[in-house]
Amino acid sequence: MDSRKGQTKNMSLTEELAKLREALAERAGLGDQLESKREMEHFVSFRSLREATEATTHFEQAGWQVDADIEQDQHSRFPLRVYRIQRIDVEHAENALRSVHSITLKHGGSYDGFGAVFIEADGTEPRGFFGRLFGNP
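Since the model is a prediction, treat every value here as computed from it, not as a measurement. (Residues numbered from 1 in each chain as written. Predicted model: local features only at pLDDT ≥ 70, side-chain atom pairs only at ≥ 80, totals over all residues. Heavy atoms only, no water.)

Caption draft 1: The nonpolar core, seen in detail. Membership of the largest hydrophobic core comes to 22 residues, with the highest contact counts inside it found for V44, F46, F59, V82 and V100. At the level of secondary structure, the elements contributing two or more residues to this core comprise α1 (13-29), β1 (38-46), α2 (49-61), β3 (78-86) and α3 (90-106). Looking at which element gives the most residues to this core, the answer is α3, with five residues. When sequence neighbours within four positions are dropped, the list of residues in contact with V100 reads H42, V44, F59, W64, V82 and Y111. (Core = buried A, V, L, I, M, F, W, Y, C linked by side-chain atoms within 4.5 Å. Buried < 20%, exposed > 50% of the residue type's maximum accessible area, 1.4 Å probe, protein only. Helix = DSSP H or I, 4+ residues; strand = E, 2+ residues; numbered from the N terminus. Contact = heavy atoms within 4.5 Å.)

Caption draft 2: Representation of the packing of α1 against α3 in the model. Axis separation between α1 and α3 bottoms out at 10 Å; the angle between their running directions is 150°. One way to sum up the angle between α1 and α3 is to call them roughly antiparallel. In terms of crossing hand, the pair formed by α1 and α3 is right-handed. When α1 is examined against α3, the residues L13, E16, L17, L20, R21 and L24 are found in contact with a partner set consisting of V90, A93, E94, L97, R98 and H101. By residue class, the composition of the contact of α1 with α3 is seven nonpolar, one polar and four charged. (Axes fitted to C-alpha atoms, helices over the stretch in contact; angles between N-to-C directions. Parallel < 35°, antiparallel > 145°, perpendicular 65-115°, else oblique. Left-handed = near helix turned anticlockwise from the far one by under 90°. Nonpolar A, V, L, I, M, F, W, Y, C, P; charged D, E, K, R; others polar.)

Caption draft 3: How the structure looks around α2. With 13 residues, α2 ought to run about 18 Å at 1.5 Å a step, and its terminal C-alpha atoms sit 18 Å apart, in line with that. Among the residues making up α2, those that are buried are E51, A52, A55, T56 and F59. Projected onto a plane normal to the axis of α2, the buried residues spread over an arc of 135° and lie on a single side. Seen from the open side of α2, the exposed residues pointing more than 90 degrees away from its buried face are R50 and Q61. Contacts from the buried residues of α2 go to β1, β2 (65-66), β3 and α3. Remark: G63 follows α2 within two positions and exhibits a positive phi of approximately 95°. (Expected span 1.5 Å × (residues − 1). Arc of directions from axis to C-beta.)

Written as C-alpha cells, this is what we have:
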C-alpha cells in the first residue's frame, strides 16, 4: 500500500510468482514439507462492495473459500481472505496464485500476498524463531 497516495500498487503476476518461488525455496531450505497439505491463504482487496461481492462468488465457483465478513477497511478498501487446503509445492502454489490473481484482477481488485503454516517432517523437533532465522537446530 502506498500510504502517501492511499492506493494499492499491484505487482504483476510475474513479480508475484517470483516472490512466491523465493518464499517456497526459503521454506524448503528451512525444512518445510511443501508436499504436505495445509491451508494456503491469499489476501486481496477491492475498491467497492460490489466488486468484492462479485469476486467472492467467482472465487467460490473456482473452488476457493472466502471469509464472508466483507467490511471496508481504514483505506476505504474491501479486503478478503481467500483460502483452501492444498499442497504448496511450486506447481500447486503457482497454479493457485495464478487463479487468485486472475480472478482478483478481473474484478478490479488488488492482490496483497499469501501465507501458509510451516509443516516440519514427522519426528523433527520444532526449531524456535531464532533457530529458523539463523539456520540452527
